[in-house]
Amino acid sequence: MPDTFLDSTELVINMGPQHPSTHGVLRVILKLDGEKVTGTECVIGYLHRGVEKIGENRTYQQFAPYVDRMDYCAAVSNGLGFCLAVEKLLNVEAPPRAQVVRVILTELNRIASHLIWLGTHCLDIGAITPLFYVMREREEILNIYEKYCGARLTTHAFRIGGLEYELYDGFEAEVKAACDFIAPKIDEYEQLLTGNRIWIGRLKGIGVLNAEDCKQYGVTGPMLRAAGVKWDLRKAQPYSGYEQYEFDIPIGENGDTYDRYLVRMEEMRQAIRIVRQAVERIPDGPIMGKVPKVIKPPVGEAYVSIEAPKGELGYFVVSDGTTQPYRVRVRPPSFVNLQSLDKMARGSLVADLVAIIGTIDIVLGEVDR
Amino acid sequence: MRKFLRTIFLIDLIEGLLVTFHYQRPKYMCTDQYPQERPKVAERYRGAPRLNNNPDNGETLCIACNLCALACPEKLIVVGSERNEKTRRKELTTFTYDLSRCMFCGLCEDACPVDALELTQDFELASYTREGAIWDRQMLEDGPKPTKYEF
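Computed from a prediction, not measured in an experiment: that's the story for all the values here.

Chemist: I'd like to hear about the overall build of chain B, residue by residue, with values.
Modeler: Secondary structure assignment for chain B yields 5 helices and 5 strands. Listing each helix as α and each strand as β along chain B from the N terminus yields α-α-β-α-β-β-α-β-β-α. In terms of C-alpha radius of gyration, chain B reaches 26 Å, well past the compact-globule figure of 15 Å for 151 residues. Taking the principal axes of its C-alpha atoms as reference, chain B extends roughly 95 × 35 × 30 Å. Across the 151 residues that make up chain B, the buried fraction comes to 20%.

Quick look at the structure:
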């Protein structure tokens with residue numbers, strides 16, 4: 001029997017921009033053959049705020065709060081990337097105490113970001129319960145941020161050259177308590193989800209992206225590791241003293257949605273491991289490096305990339321010798337990872353597309369900037 | 001065989017439900033009943049701005065140096081000052097803070113050399129009009145006065 005038997009016309013519909021499972025204002029134009037997706041096209045830019053252009057009109061210190069607003073689930077990582085880029089331009093390094101505190105806060109941020117990802121991804125698939133649990137655990141981390149730097153989401157925790165705020169009393173104890181609180185909860189999520197037949201049925205074999213495709217699309221982060229590539233910038237080109245900490249890079253085998261879920265769960269455990277090591281070895285000393293009040297880097301350019309929760313987050317800063325950057329270019333992980341959506345979604349069902357969008361872990365504030 | 005039995009008796013689903021029912025106990029409730037109980041905000045919280053007065057004589061601490069206005073990324077602070085002919089010093093006349101554009105980054109309070117401008121723990125900043133979000137000197141010195149609800 002030919003394929004065209006009982007064939008219906010192809011249907012082109014919009015998914016989004018106002019759709020609960022597109023994680024923001026992503027519009028996907030779907031070409032459907034019945035339930036089957038035969039093509040997708042992403043339309044982005046609904047949340048475009050021109051952050052890179054704003055950077056050209058602000059001084060280096062003034063631009064730091066704006067980078068928090070790109071990936072607002074991982075604001076601390078964004079701040080770290082920008083501060084490292086400007087520090088490279090200035091040729092200064094944060095003092096050891098500041099570096100250890102930076103590692104603690106970014107790793108806590110990685111846990112918080114992955115928790116949000118887990119909650120929203122589960123919600124897309126239809127498992128509503130974990131969302132409430134992850135919010136409870138995330139609260140512990142946000143409380144630490146609130147006490148340390150005075151804000152919960154868009155933290156502006158780091159400054160160029162080190163830290164603005166000294167640690168508050170009981171910081172170490174609270175971080176340890178948060179680790180002890182969160183670590184068993186991750187096992188609980190696994191108990192809820194990992195063996196669950198519906199979860200496995202919805203995720204296994206969906207949105208497969210093998211290592212070769214990942215490299216072609218420039219996909220980084222947990223998606224690349226789930227395809228079996230052991231690539232983590234914290235190991236490959238350590239920054240902020242990551243070489244001093246012991247941790248493993250979790251990798252998957254098949255590169256499907258289920259593997260990405262497992263990789264991210266394991267990454268949370270590894271992040272807790274790093275935080276536990278780091279909190280034991282906070283050295284005494286200054287928290288701010290020798291940075292002038294008015295930052296005027298020499299003419300030049302610097303590219304620094306860090307391992308943000310979603311992948312490689314790069315900052316390319318060009319200085320023309322004035323107080324304002326000549327150009328700030330951001331390489332956001334979710335923007336690049338989103339480009340693989342079409343490859344993954346072709347041939348799948350509409351319901352699987354929701355799972356695939358969820359597994360990329362996009363934050364539209366970062367995609368559109 | 002074991003896997004088959006696990007499938008038949010829905011063990012994987014029951015394991016998950018154990019977690020769910022475990023958290024049904026009232027002692028695991030973690031919702032704040034705002035506004036009945038108000039959250040404890042951290043000491044360093046960056047909320048509503050405030051212009052501090054000297055507690056001894058009630059005069060403003062601000063020396064109208066304009067550093068906060070220069071530090072602000074959104075340029076939302078306008079400091080008005082006039083020179084006192086007797087003391088040859090600048091004195092603060094007006095201070096406008098546009099809260100509708102503020103992102104509470106804390107750069108202005110970092111820049112203040114005399115701790116006059118401070119971001120406080122007040123977090124209820126809603127107003128009925130857009131103009132209500134533009135705070136003048138009086139408002140900055142008094143702080144917001146949110147409605148206290150009695151239950």
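Back to the write-up after that little detour.
Chemist: Run through helix α2 (residues 60-67) of chain A, naming residues and quoting values.
Modeler: Because the α-helix completes a turn every 3.6 residues, residues three or four places apart line up on one side. When you tally the buried positions in α2 of chain A, you get 8 out of 8 residues, the bulk of the element. Those residues of α2 of chain A not exposed but buried are Tyr60, Gln61, Gln62, Phe63, Ala64, Pro65, Tyr66 and Val67 of chain A.

Chemist: Can you explain the sheet that holds strand β1 (residues 11-15) of chain A? Please cite residues and give values.
Modeler: Residue and element names in this part refer to chain A. Pairing within the open sheet is antiparallel, and its 3 strands lie in the order β1-β2-β3. Of all strands in the sheet, those bounded by a partner on one side alone are β1 and β3 (36-43). If you compare each strand with its neighbour and ignore which way they point, the axes differ by 25° on average. When β1 meets strand β2 (residues 27-33), the two strands line up antiparallel, connected through 5 bridges. In the strand pairing of β2, Met15 is matched with Val28.

Chemist: An account of the pairing of strand β7 (residues 311-319) of chain A is needed here, citing residue identities and associated values.
Modeler: It is a general feature of regular strands that their side chains alternate between the two faces of the sheet. Residue and element names in this part refer to chain A. Of all 9 residues in β7, 7 are buried; the element is thus mostly enclosed. The pairing of strand β6 (residues 300-308) with β7 spans 9 bridges and is antiparallel. Residue Val304 lies in a different strand from β7, and its bridge partner there is Tyr315. Between the end of β6 and the start of β7, which pair antiparallel, lie 2 residues.

Chemist: Could you give me a rundown of the interface of chain A and chain B, with the residues and numbers involved?
Modeler: Taken residue by residue, the interface counts 21 residues in chain A and 18 residues in chain B. For the side of chain A that touches chain B, the elements supplying multiple residues, two or more each, are α2, α5 (129-149) and α6 (171-193) of chain A. Considering every element that reaches the side of chain A that touches chain B, the biggest residue donor is α5 of chain A, with 5 residues. In the side of chain A that touches chain B, the residues fall into 5 nonpolar, 9 polar and 7 charged.

Chemist: Describe the sheet that holds strand β8 (residues 325-331) of chain A, and please don't skip the residues or the numbers.
Modeler: Residues and elements named next belong to chain A. Pairing is antiparallel in the open sheet, where 3 strands are placed in the order β6-β7-β8. Each edge of the open sheet carries a strand with a single partner, namely β6 and β8. Ignoring strand direction, the axes of neighbouring strands in this sheet form an average angle of 15°. The pairing of β7 with β8 spans 6 bridges and is classified as antiparallel. Residue pairing for β8: Tyr315 is matched across the bridge by Val330. Where helix α3 (residues 75-90) meets the sheet, its contacts fall on β6 and β7, and the angle it forms with β6 comes to roughly 150°.

Chemist: Provide a residue-level description of the confidence of the model for chain A, including the pertinent values.
Modeler: Per-residue pLDDT for chain A averages 87, and the proportion of residues at 70 or more is 98%. For chain A, strand β5 (residues 162-163) of chain A is the element with the lowest average pLDDT, namely 85, and β7 of chain A is the one with the highest, namely 91.

Chemist: Before we move on, could you go through α3 of chain A and cite the residues and values that matter?
Modeler: Taking 1.5 Å per residue as the helical rise, α3 of chain A with its 16 residues ought to reach 22 Å, and the 23 Å between its terminal C-alpha atoms agrees with that figure. Burial of α3 of chain A is extensive: 15 of the 16 residues sit out of reach of the surface.

Chemist: I'd like a description of the packing of α3 of chain A against helix α4 (residues 96-125) of chain A, backed by residues and values.
Modeler: The description of two helices packed together rests on the angle between their axes and the distance between the axes. Residues and elements named next belong to chain A. Two elements in contact, α3 and α4, have axes separated by 8 Å at closest approach and are oriented at 140°. What the angle tells us is that α3 and α4 run oblique. Within the contact between the two elements, α3 uses Val76, Ser77 and Leu80 and α4 uses Arg102, Leu105, Thr106 and Asn109. Grouping the constituent residues of the contact of α3 with α4 by class yields 3 nonpolar, 3 polar and 1 charged.

Chemist: How would you explain the nonpolar core if you had to name every residue and give the values?
Modeler: Residues and elements named next belong to chain A. Ranked by internal contacts, the top residues of the largest apolar core, which has 128 residues, are Val86, Ile104, Ile111, Val275 and Ile356. It is α4 that contributes the most residues to this core, 15 residues altogether. Setting aside anything within four residues of it in sequence, one finds Val86 in contact with Tyr60, Ile160, Pro297 and Val317.

Chemist: Give me the confidence of the model for chain B: which residues, what numbers.
Modeler: Residues and elements named next belong to chain B. Averaged over every residue, the pLDDT of chain B is 84; the share at 70 or more is 100%. Within chain B, no element has a lower average pLDDT than helix α1 (residues 2-8), which sits at 79, and none a higher one than strand β5 (residues 134-135), at 89. As scored by the predictor, the complex reaches a pTM of 0.88 and an ipTM of 0.83.

Chemist: I'd like a rundown of the environment of Gly285 of chain A, residues and numbers included.
Modeler: Residue and element names in this part refer to chain A. By secondary structure assignment, the location of Gly285 is in the loop between α11 (257-280) and β6. On the basis of neighbour counts, which here come to 9 C-beta atoms within 10 Å, the residue Gly285 falls in the exposed class. Residues Gly285 and Glu41, 244 residues apart in the sequence, show an inter-C-alpha distance of 52 Å. Dropping the residues within four chain positions of it, Gly285 is found in contact with Pro95, Pro96 and Arg97.

Chemist: Give me the lowdown on the packing of α6 of chain A against helix α2 (residues 11-22) of chain B, citing residues and values where you can.
Modeler: The N-to-C vectors of α6 of chain A and α2 of chain B enclose an angle of 135°; their axes lie 7 Å apart at closest approach. As judged from the angle between their axes, α6 of chain A and α2 of chain B are oblique. Here Glu188, Gln191 and Leu192 of chain A of α6 of chain A come into contact with α2 of chain B, specifically with Glu15, Gly16 and Val19 of chain B. For the contact of α6 of chain A with α2 of chain B, the residue count by class is 2 nonpolar, 2 polar and 2 charged.

What counts, and where the lines are drawn
Residues numbered from 1 in each chain as written. Chains lettered and ligands numbered in written order. Predicted model: local features only at pLDDT ≥ 70, side-chain atom pairs only at ≥ 80, totals over all residues. Helix = DSSP H or I, 4+ residues; strand = E, 2+ residues; numbered from the N terminus. Rg over C-alpha atoms; globule rule 2.2 N^0.38 Å. Buried ≥ 20, exposed ≤ 12 C-beta atoms within 10 Å, placed from the backbone. Pairing = 2+ DSSP bridges. Axes fitted to C-alpha atoms, helices over the stretch in contact; angles between N-to-C directions. Contact = placed C-beta atoms within 7 Å. Nonpolar A, V, L, I, M, F, W, Y, C, P; charged D, E, K, R; others polar. pLDDT = per-residue confidence, 0-100. Expected span 1.5 Å × (residues − 1). Parallel < 35°, antiparallel > 145°, perpendicular 65-115°, else oblique. Core = buried A, V, L, I, M, F, W, Y, C linked by C-beta atoms within 7 Å.

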